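# Chains, contacts and geometry: an overview
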Amino acid sequence: MVRSWWWMKEGGYRFLIDGGKIGFRYQQRCGLVNIKFKWVKDSVLDSVVAGGRELKAACILVSIICSDHRCCLPVYHLSSRRGQLGLPHDLKISTFIRRYPTIFEEFHENDSGGTRVPWFRVTPEALNLHEEELMVFQQYQNDLLNRLRKLLMLTKDRTLPLQTIDQLKWDIGLPYNYHNSLIPQYSEHFSLVCLLDGRAGLRLLSWDDHLAISHLEKSSAFQKRADVRNENLAFPIAFTRGFGLKRKCMNWLEEWQRLPYTSPYGDSSHLDPRTDVSEKRIVGVFHELLHLTLQKKTERRNVSNLRKALCLPQKFTKVFERHPGIFYISKKCDTQTVVLREAYERRNLIQKHPLADIRDKYASLMKEGVLKRSLGIYKKNRNESPDQIRNVCGDDLGDSRYSSEGESDHHPLSEYESDEAPQIS
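What you see is a predicted model; the values in this text were computed from it and never measured.

Quick notes on the rules
Residues numbered from 1 in each chain as written. Predicted model: local features only at pLDDT ≥ 70, side-chain atom pairs only at ≥ 80, totals over all residues. Heavy atoms only, no water. Buried < 20%, exposed > 50% of the residue type's maximum accessible area, 1.4 Å probe, protein only. Helix = DSSP H or I, 4+ residues; strand = E, 2+ residues; numbered from the N terminus. Pairing = 2+ DSSP bridges. Axes fitted to C-alpha atoms, helices over the stretch in contact; angles between N-to-C directions. Parallel < 35°, antiparallel > 145°, perpendicular 65-115°, else oblique. Left-handed = near helix turned anticlockwise from the far one by under 90°. Contact = heavy atoms within 4.5 Å. Nonpolar A, V, L, I, M, F, W, Y, C, P; charged D, E, K, R; others polar. Salt bridge = Lys/Arg side-chain N within 4 Å of Asp/Glu carboxyl O. Phe/Tyr/Trp six-rings, centres within 6.5 Å; stacked < 30°, edge-to-face > 60°. Expected span 1.5 Å × (residues − 1). Arc of directions from axis to C-beta.

### Description of the pairing of strand 12 (residues 337–340)
Neither face of strand 12 is open: one carries Thr337 and Val339, the other Val338 and Leu340, and all of them are buried. In this structure, strand 10 (residues 297–299) lies alongside strand 12, joined through three bridges in antiparallel fashion. Bridge pairing in strand 12 places Thr298 opposite Val338. Pairing of strand 11 (residues 327–330) with strand 12, which is carried by four bridges, proceeds in the antiparallel orientation. The residue bridging Ser330 from the neighbouring strand is Thr337, located in strand 12. Where strand 11 hands over to strand 12, the hairpin turn is made up of six residues, of which Cys333 adopts a positive phi near 60°.

### With respect to the packing of helix 6 (residues 141–153) against helix 7 (residues 162–172)
Interhelical geometry of helix 6 versus helix 7 gives an angle of 140° and a closest axis separation of 11 Å. Taken as axis vectors, helix 6 and helix 7 run oblique relative to one another. Viewed along their axes, helix 6 and helix 7 form a crossing whose handedness is right-handed. Listed contacts from helix 7 to Leu144, Arg147, Leu148, Leu151 and Leu152 of helix 6 are Ile165, Leu168 and Ile172. Counted by class, the contact of helix 6 with helix 7 contains seven nonpolar, no polar and one charged residues.

### Some thoughts on the pattern of salt bridges
Enumeration according to the criterion identifies 19 salt bridges in this entry. Across the pair Glu299 and Arg301 runs a salt bridge, and its minimum N-O distance is 2.6 Å. When its relative accessible area of 17% is taken as the criterion, Glu299 is described as buried. One salt bridge connects Lys352 with Asp360, and the closest N-O pair in it is separated by 2.2 Å. For Asp360, a relative accessible area of 32% corresponds to the partly exposed category. Through salt bridges with shared partners, one network takes in Asp276, Glu279 and Arg322.

### Digging into the side chain of Gln141
Positionally, Gln141 belongs in helix 6. With relative accessibility at 13%, the residue Gln141 sits in the buried group. Excluding residues within four positions of it along the chain, Gln141 makes contact with Leu182, Gln185 and Tyr186.

### Points about the packing of aromatic side chains
With the rule as written, the count across this model stands at nine aromatic pairs. On the basis of an interplanar angle of 20° and a centroid distance of 6.3 Å, the ring pair of Trp39 and Tyr328 is categorised as stacked. Of this pair, Trp39 sits in the loop between strand 2 (13–17) and helix 1 (43–49) while Tyr328 sits in strand 11, and the two are 289 residues apart along the sequence. Take Trp39: its relative accessible area is 41%, and that puts it in the partly exposed class.

### Some words on the pairing of strand 5 (residues 116–122)
In terms of burial, strand 5 is largely enclosed, as six of its seven residues are buried. Two elements, strand 3 (residues 72–74) and strand 5, share three bridges in a ladder whose sense is antiparallel. The residue bridging Pro74 from the neighbouring strand is Trp119, located in strand 5. Hairpin connection of strand 4 (residues 104–110) to strand 5: five residues between the antiparallel strands, including Gly114 at a positive phi of 85°.

### Notes on unusual backbone geometry
In the Ramachandran plot, Arg158 falls in the positive-phi region, its phi being about 55° despite a non-glycine side chain. You can see Arg158 is positioned in the loop between helix 6 and strand 6 (159–161). Judged by its relative accessible area of 27%, Arg158 is partly exposed. Notably, Asp334 is not glycine yet its phi reads approximately 60°, a positive angle. For Asp334, the position within the fold is in the loop between strand 11 and strand 12. Residue Asp334 is classed as exposed on the basis of its relative accessible area, which comes to 74%.

### Some points on the side chain of Gln295
You can see Gln295 is positioned in the loop between helix 12 (276–292) and strand 10. Other than its neighbours up to four places away in sequence, Gln295 contacts Tyr344, Leu349, Ala356 and Arg359.

### A look at helix 5 (residues 124–139)
An α-helix turns once per 3.6 residues; consequently, residues spaced three or four apart project the same way. Here helix 5 spans 23 Å end to end across 16 residues, near enough to the 22 Å set by a 1.5 Å rise per residue. Within helix 5 the residues assigned to the buried category are Ala126, Leu129, His130, Glu133, Val136 and Phe137. Across the axial projection of helix 5, the buried residues extend over an arc of 115°, all falling on one side. The outward face of helix 5, more than 90 degrees from its buried face, is lined by the exposed residues Met135, Gln138 and Gln139.

### Remarks on helix 12
The first and last C-alpha atoms of helix 12 sit 24 Å apart over 17 residues, in line with the 24 Å expected at 1.5 Å per residue. Helix 12 sits mainly inside the fold: 17 of its 17 residues count as buried.

### A few points about the sheet that holds strand 10
Here three strands make up an open sheet; going across it, the order is 10-12-11 and the pairing antiparallel. Bordering the open sheet on either side are strand 10 and strand 11, each of which pairs with just one other strand. Strand-to-strand, the axes of this sheet are offset by a mean angle of 20°, without reference to chain direction. Running at roughly 85° to strand 12, helix 12 makes contact with strand 10, strand 11 and strand 12 of the sheet.

### Some points on the sheet that holds strand 8 (residues 200–204)
Ordered in space as 6-8-7, the three strands form an open sheet in which the pairing is antiparallel. Looking at strand neighbours, the two that pair on one side only are strand 6 and strand 7 (190–194), the edges of this open sheet. Within the sheet, the average angular offset between the axes of one strand and its neighbour, ignoring direction, is 30°. Taken strand by strand, helix 7 contacts strand 6, strand 7 and strand 8, and its axis lies near 80° from that of strand 6.

Written as structure tokens, this is what we have:
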């Protein structure tokens, strides 16, 4: 048996099986092999995940504020959107915003009852980044459009609830208001529908064979010709330093890599879900899904709602634990984030999307604000005159629709958190 190994700088390794022969006699009656791998902490990939929740929340808040015609909003308006931010429930929006004075500016204005209320706008630096981001959205609109189309093509009926897409929109790079800015422009591709459970959904109207090619199939030039011809494509694999793979697990993994590869865009109804062949198809689905994301990672709970749409068996997310050489589960930020190992060279993305560059600039600006705030360089500006405020935000700050200074506990988008209870272990 021939193996090809690539030793990584961080001490892990990556390999593809040389499959001139199919050493495993693939039969549907072969069951799922009971192999368990231990979870080993990867501090390098943990650093990729660290700070991601705060970055996402800050970028969404910038989009919300900039989408208002006054370019500034009261705290209680922003609090009503906290269901989209993914922040801890015990963290006030105002507290979070004040951590980043290089992104947000605070001022106060009286509401209709005469109570002074905190308002927030973005800094000139953040506004410049937002405008740069809008330019990238425009320039790469076709790319983002195809990511959404491919996501829908992965599903059985080419349809997903909007709330499920909203959970993934940050990861795949869709604009904050894609419902209004992107979908209406492509009525030949998409249709808004009412699902059987009464929720709004998005349906892909046409299938595109040119898009129905997975990333693994596109990268088949790196695979052995015999494997490509026999459709026995193998996944790139890397392990954390000191993983200590046992010989039994190694033998199973080598055989598993030589199993037939079923395209995530192909028909899988003939596969027995209790077999390793079916499991390889599930791995292929999430391998492709993570490649659709900008930073090749997403929270585990974001995919827990896709079981029915993707025709997956119960406990399908167990493939993340069974294949730690393909996926890494980071437990940073009080959640579980699935990272595609092959996409990173240490903590750097191998192929970086321009939107990821914009997010890095936001992250740098946020770090700068935290540092300067800790040094006392930024002070809360509570004494700005109403005339100065109106020069920036317009003359209609005293909106009679708002009458409370406190942050609302009502989350109108809280149903976006989950379609079904996620299985996180």
